[in-house]
Each structure stands twice: as C-alpha cells, then as structure tokens.
Amino acid sequence: MLFVTVQTAEKSVQKRVLSWLIKPILHQFFHRMDIRCFLTGIFGQEDAPSELLHSFRKINIRQREETHMVIRGRAPLRVSFGGGGTDVAPFCEEQGGAIIGSTINKYAYCSIVPREDDQIVVHSLDFDMTVKYNTSENYVYDGKLDLVTAALNAMGIDQGCEVYLQCDAPPGSGLGTSSTVMVAMLTAMARWKGVMMDAYALADLAYQVERLDLKIEGGYQDQYAAAFGGFNFIEFHGRNNVV
C-alpha cells in the first residue's frame, strides 16, 4: 500500500500534485475500472481532479473502440486533363487510348464494423439510405445501392457487418464518384478478409464489378485513378492497361 502526504497551501495545487503522483498507479492497476466512480468516491464530485477524469475518459473511449474492430478504406476522386473518352471500350480495345489526370484531396470512404450475426447493414450517408442483407441469402440487384451489393458478392463477404459509406463529392459531379466509392469498398473488404491486391488488381476488379457485373457504362480511368492516386499518364489497351 502506498501512502502519499502532500502539504500545500492551495487546494488546487494539492490536487495537481496528487494527480501527477497517482496517475501512473491508476493507469497500471485500475485501467479497467470506472475511474470516475473511483475518483469521485475519494474526492467528491466537485473536488475530483479534472486532469485525471479527462485522462481516463480517453482510456474508456479507446477501450470501446478496441472492442469493436473497424476496417477502413479510402480512395481519392480525380480530375482529367486530357484524353477523356479514349478509355471507353471498344475504342480503347481496338485503337488504344490514353489520358492525363490527377487525383485531388477529396475522397470516398468506407468503414466496416464486423457483427456477430448474419446481418449486413449498409448505411449510405450521401443517399441517406440504409439497406440490410442476410448472408444466408443470395445477393439481389434491386436498384438499392447495387454498387454495395456487387462489391459484397465479388469479395465473397459471408459474415455480418455494418458498412458506412460517404463521399466528399455528390453523385454526378464528374469526379468519378461511383468508381471511387467502389475502390474504397473493395479496399476495406480486402483488408478485412486479408486479401492482398496491388493497385492494378484492385483497379481491374473495380472495373469488372462496375462495368461488367452491373453493366454500368463508362471507361477505365476512374477505377485506375482511384486505385493508384496521384498525377498519372495512363495508357489503355482493354484489360491490359499501363499506369
């Protein structure tokens, strides 16, 4: 048992010194307790050192975050400086195409929180929409967040989870939002499943899911820009593209 006696003229100084002395002890031995109750029980509600309460409030928040694993994916939006349209099949497959473009500091985000049941709940903050799936049932394209449905199907997600989606730009902005959201989703899902993909494989899978599986018209540049990021010159030859 450790006894500490501090004699000071000012009560505030006493609490500050005491906080400094016992904080390491409480971090070591009481980090799983309700520290607020422990401290207020000793000092009273008004006299509990605010420094300690703030410190251990952050510990409690961190412990709650650690209890629920969060897997995140992020991909940048893009602007094109030249060559737009030459990345669209069948032109790029027959004649070849090229674009010069750059990603910007605006992003699409995907966060996945695993659940312990078989429910998949998708929250789209941009569309203010929530869609629920059951992993025991086949994924159906019904016009409600089909991008998410196709990504879940492509990655073989068979465990319950919460999926949160958000993009810094609205749909139809011309910045490749849908493809960027797809890349962000595939990035998060691959991390969750422990699947290693380089930027080429990620871009090609995003193209396959969006253009071939969902039949959404468009070219290659959005997926490749989101997967690689930065300033790029990209040559298109169908599925064999060079960044």
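This text follows the structure it describes.
Residues numbered from 1 in each chain as written. Predicted model: local features only at pLDDT ≥ 70, side-chain atom pairs only at ≥ 80, totals over all residues. Heavy atoms only, no water.

1. Here's the deal with the pattern of salt bridges
Here is step 1: Using the criterion set out here, one finds four salt bridges in the structure.
Here is step 2: Salt-bridge contacts for Arg-78 lead to Asp-222; the nearest nitrogen and oxygen are separated by 2.7 Å. Of the two residues, Arg-78 is situated in strand E1 (residues 71-82) and Asp-222 in helix H8 (residues 221-228); the sequence distance between them amounts to 144 residues.
Here is step 3: Among the ionic contacts, a cluster of salt bridges with common partners joins Arg-115, Asp-117 and Glu-162. (Salt bridge = Lys/Arg side-chain N within 4 Å of Asp/Glu carboxyl O. Helix = DSSP H or I, 4+ residues; strand = E, 2+ residues; numbered from the N terminus.)

2. Remarks on the side chain of Arg-78
Here is step 1: On the basis of relative accessibility, which here comes to 11%, the residue Arg-78 falls in the buried class.
Here is step 2: Reaching out from Arg-78, the side chain makes a polar contact with the backbone oxygen of Gly-174 at a distance of 3.1 Å.
Here is step 3: Residues within four places of Arg-78 in sequence aside, it is in contact with Ser-102, Thr-103, Gly-174, Leu-175, Gly-176, Gln-221, Asp-222 and Ala-225. (Buried < 20%, exposed > 50% of the residue type's maximum accessible area, 1.4 Å probe, protein only. Polar contact = N/O pair within 3.5 Å; in protein donor to acceptor, adjacent residues only side chain to side chain. Contact = heavy atoms within 4.5 Å.)

3. Thoughts on H8
Here is step 1: Within H8, seven of the eight residues are buried, which leaves the element mostly enclosed by the surrounding structure.
Here is step 2: Of all the positions in H8, only Gln-221, Asp-222, Gln-223, Tyr-224, Ala-225, Ala-226 and Ala-227 are classed as buried.
Here is step 3: Where H8 is buried, its residues touch E1, strand E2 (97-114), helix H6 (177-193), helix H7 (199-213) and strand E6 (231-236).

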